[in-house]
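Residue-level listing of the chains:
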Amino acid sequence: MKKIIIYSFVLISISVWMIGCKKQNYPGGEVSPYLPIFDLRGLYKGSDITLSPENMYGSSSISAVVVSDHSGKNLPAGLLIVQDKKRLSQLRGIAIPIGADAAKYVPGDSVVINVTGGVLGRVDGILQIKGISPGAVNRVAQNKPIAKNRVPSSFILADPNKYESTLLAIVKGGFNPLPTPTDVLSGNKTLNDGFADITLHTEATATFANNPLQFSANYYGILFNKVSSTGTLIPEHRMRTASDVITLSSTPEIPDFIISGWIPDPRGTNANNNYIQFIATRDINFAVTPFSVVTTNNAGASTPAGFPANGWATGGLRTYKFNLTTGSVRKGGYFYVGGTGRTINSTGSTPIPTAQYIRGINYSTTAGDGFGAITNTLLANSGNAYGIAAFRGTTVTATTRPIDVVFVHNGGSLFTPGPPAQGYRIANNDFYDVYDPLEVDPADPNKGFQPFYLQGTNTIRFNYHDNSVADVGWFYKAGGIYSVTLGKWVKARDMKYLVLPKDNSPANMSLIEDDHIAVRVNTTTGVEIGRDTIPPTRIQ
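Only a predicted model underlies this, so the values are computations on that prediction, with no experimental measurement involved.

From N to C terminus, the protein includes five helices and 28 strands. Counting every position in the protein, which comprises 540 residues, the buried fraction comes to 51%. Restricting the contact set of the protein to residue pairs at least 6 apart, pairs at least 24 apart contribute 69%. Roughly 23400 Å² of accessible area belongs to the protein as shown, and the carbon and sulfur atoms make up 55% of that amount.

One pass over the full model with this rule turns up 27 aromatic pairs. Ring geometry for Tyr386 against Tyr464: centres 5.8 Å apart, planes inclined by 70 degrees, an arrangement best described as edge-to-face. Residue Tyr386 is found in strand 23 (residues 386-392), and its partner Tyr464 is found in the loop between strand 24 (404-408) and strand 25 (474-483); the two are separated by 78 residues along the sequence. As far as burial versus exposure is concerned, Tyr386 and Tyr464 are alike and both buried. Consider the rings of Phe431 and Tyr432, whose centres lie 6.0 Å apart with planes at 85 degrees: the pair is edge-to-face. Note on accessibility: Phe431 and Tyr432 belong to one class, buried.

Let us now look at the nonpolar core. Formed by 55 residues in total, the largest nonpolar core has its most connected members in Phe257, Trp262, Phe286, Trp312, Leu324 and Phe335. A per-element tally of this core places strand 23 first, with five residues. Once residues within four sequence positions are removed from consideration, Leu324 is found in contact with Phe257, Phe286, Pro290, Phe291, Ser292, Val293, Phe335, Val337, Ile358 and Arg359. Grouped together as the second largest cluster of nonpolar side chains are 26 residues, Leu35, Ile37, Leu40 and Ile94 included.

The subject of this paragraph is the pairing of strand 10 (residues 187-192). The side chains of a regular strand alternate, residue by residue, between the two faces of the sheet. Note: strand 9 (residues 167-175) against strand 10, two bridges, orientation antiparallel. Residue pairing for strand 10: Phe175 is matched across the bridge by Leu191. Relative to strand 11 (residues 197-202), strand 10 runs antiparallel, the two being bridged by six bridges. For Asn188, the partnering residue across the bridge sits in strand 11 and is His201.

Let us now look at the layout of surface pockets. Size it by volume and the largest pocket reaches roughly 920 Å³. Lining of the largest pocket is provided by 42 residues; of these, Lys172, Ser216, Leu248, Asn428 and Asp433 occupy positions nearest its centre. If you list the elements that add at least two residues to the lining of the largest pocket, you get strand 9, strand 14 (245-249) and strand 26 (488-499). Residues that form the lining of the largest pocket fall into these classes: 19 nonpolar, eleven polar and twelve charged. Computed from the structure, the second largest pocket encloses a volume of approximately 500 Å³. Around the second largest pocket, the lining comprises 25 residues; the ones closest to its centre are Gln83, Asp84, Lys85, Leu91 and Ala147. Here the lining of the second largest pocket takes three residues from strand 2 (residues 61-66), the largest share from any one element. Classifying every residue of the lining of the second largest pocket gives ten nonpolar, seven polar and eight charged.

Another aspect to go through is empty space enclosed by the protein. Applying the stated rule across the entire model yields one cavity of 30 Å³ or more. Of the voids in this model, the largest cavity is the one considered here, and its volume is about 60 Å³. Among the secondary structure elements, those contributing two or more residues to the lining of the largest cavity are strand 18 (291-297) and strand 19 (319-324). No other element matches strand 18, which puts three residues into the lining of the largest cavity.

Let us look at the pattern of salt bridges. Under the definition given, this model contains 19 salt bridges. Residue Lys104 is joined to Asp101 by a salt bridge in which the shortest nitrogen-to-oxygen separation is 3.0 Å. Owing to a relative accessible area of 24%, Asp101 belongs among the partly exposed residues under this scheme. In this structure, Arg122 and Glu164 form a salt bridge, with 2.7 Å as the shortest nitrogen-oxygen distance. In this pair, Arg122 is assigned in strand 6 (residues 119-123) and Glu164 in the loop between helix 4 (160-163) and strand 9, connecting sequence segments 42 residues apart. Look at Glu164 and you get buried, because its relative accessible area is 0%. Counted as one network, the salt bridges with shared partners bring together Arg41, Arg122 and Glu164.

Analysis parameters
Residues numbered from 1 in each chain as written. Predicted model: local features only at pLDDT ≥ 70, side-chain atom pairs only at ≥ 80, totals over all residues. Heavy atoms only, no water. Helix = DSSP H or I, 4+ residues; strand = E, 2+ residues; numbered from the N terminus. Buried < 20%, exposed > 50% of the residue type's maximum accessible area, 1.4 Å probe, protein only. Contact = heavy atoms within 4.5 Å. Areas by Shrake-Rupley, 256 points an atom, 1.4 Å probe, with all protein chains shown as cover. Phe/Tyr/Trp six-rings, centres within 6.5 Å; stacked < 30°, edge-to-face > 60°. Core = buried A, V, L, I, M, F, W, Y, C linked by side-chain atoms within 4.5 Å. Pairing = 2+ DSSP bridges. 1 Å grid on protein atoms, 1.4 Å probe; cavity = no way out; pocket = protein on both sides within 12 Å on 5 of 7 lines; lining within 4 Å. Points joined across faces, edges and corners; volume = space filled by probe spheres on them. Nonpolar A, V, L, I, M, F, W, Y, C, P; charged D, E, K, R; others polar. Salt bridge = Lys/Arg side-chain N within 4 Å of Asp/Glu carboxyl O.

Now the structure itself:
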């Protein structure tokens, strides 16, 4: 009897397990007739494959939304482009050559396509399902919403196959070289979105081929690939119609200098030894054209508590201001602002040249220029967020917008939508946008407006380094590429952490300026902060 009970339990367990597996593989206990495009593309292994229910896991068709629009005459002729995100919420697309009938479909059409018997293979670099008759395509709905999909160019270059035949947006795109008033879209143009360069292709016969190039815009379109002589995929972005260009700006907004590094926790005492490094994008005489720098420390003990009602001008232990009214710097030169210690890693370390140290205040004994209480440290060492902002002029209020800004971490009382909204205003730079680029609407000045850190898409920040290794002198080096000529970041800043030495050798200045950061200044590329690798012996 005991054995019968055991056997019965085993049989029931196996049955439950099999039912569970069946439900896991096939919802409702049946194979779906529709294969996700993610799985469909995965069938291709480098050579043509004829599609059948046997190799499509029992499915026979795909169900997707159309993203192609042939009215602009810029897409490969005869290709119907559809996409879905039915597998793991991963968006994938596929091209289907059905001849002239492809022009009968418009974005937002929901279609079911029987692909059984079709041949999956690459044609002219594009993965396609060949041999599908127009009659195999059935439109079942119209005007289906298509979510906006922002993809950095660097992501596309890293995995062109993933984004092929999908509708995406290249955001804040600008051309390199900078266009002249007579330049038009026709041909191949190098488009840069602050992450990498990508080719924007416009057929000479496109209805918008002779439209002028914009200084900064969003470029919606479909990503296609070509195959190089070595077999690698080379992506190109194709707009569908003239309305795929959303102009953001017609003129450059160039900051006079940019934030390039800082030391939040020098070895020894922080008092009077924090400093921030900048690089000038033009010649500056601060006596003629004054500026200011403000730091914010949002550690739990910093007062006033709560959200910063006056933003960068909050004062107290929250924000501290330096006025830059004397000294000068040449284009491409580094300069510094901070305590009067003026050494790279607190007392006993290499002095920073006086000419480069534009403004020093002993913040451990002296209040800031206009606001900011006496404090032992300008920048938090762990936990909540700290930030740095640069401003034109010496007047900073709750409504003053900086020319450059960076943040480390996102903890603390930083932003509330209110009303009224309160927080730290941001600049248009490599990380932040005063207007959400995907929501900007020239007809509605309030749409997409997000002037504060942590509002809308303004959530990017640097991270703290290893907080368990304190009091060694980590220098935070923000390396990227800013082009004065193009008026934009062509490589967004990323972070490198460098432990600075404690001795006072003059050669140590090269560690924070020259050795691992390549600075090039010319009329073609402007100011560039390079991405050279820090030698291993200088990083911990």
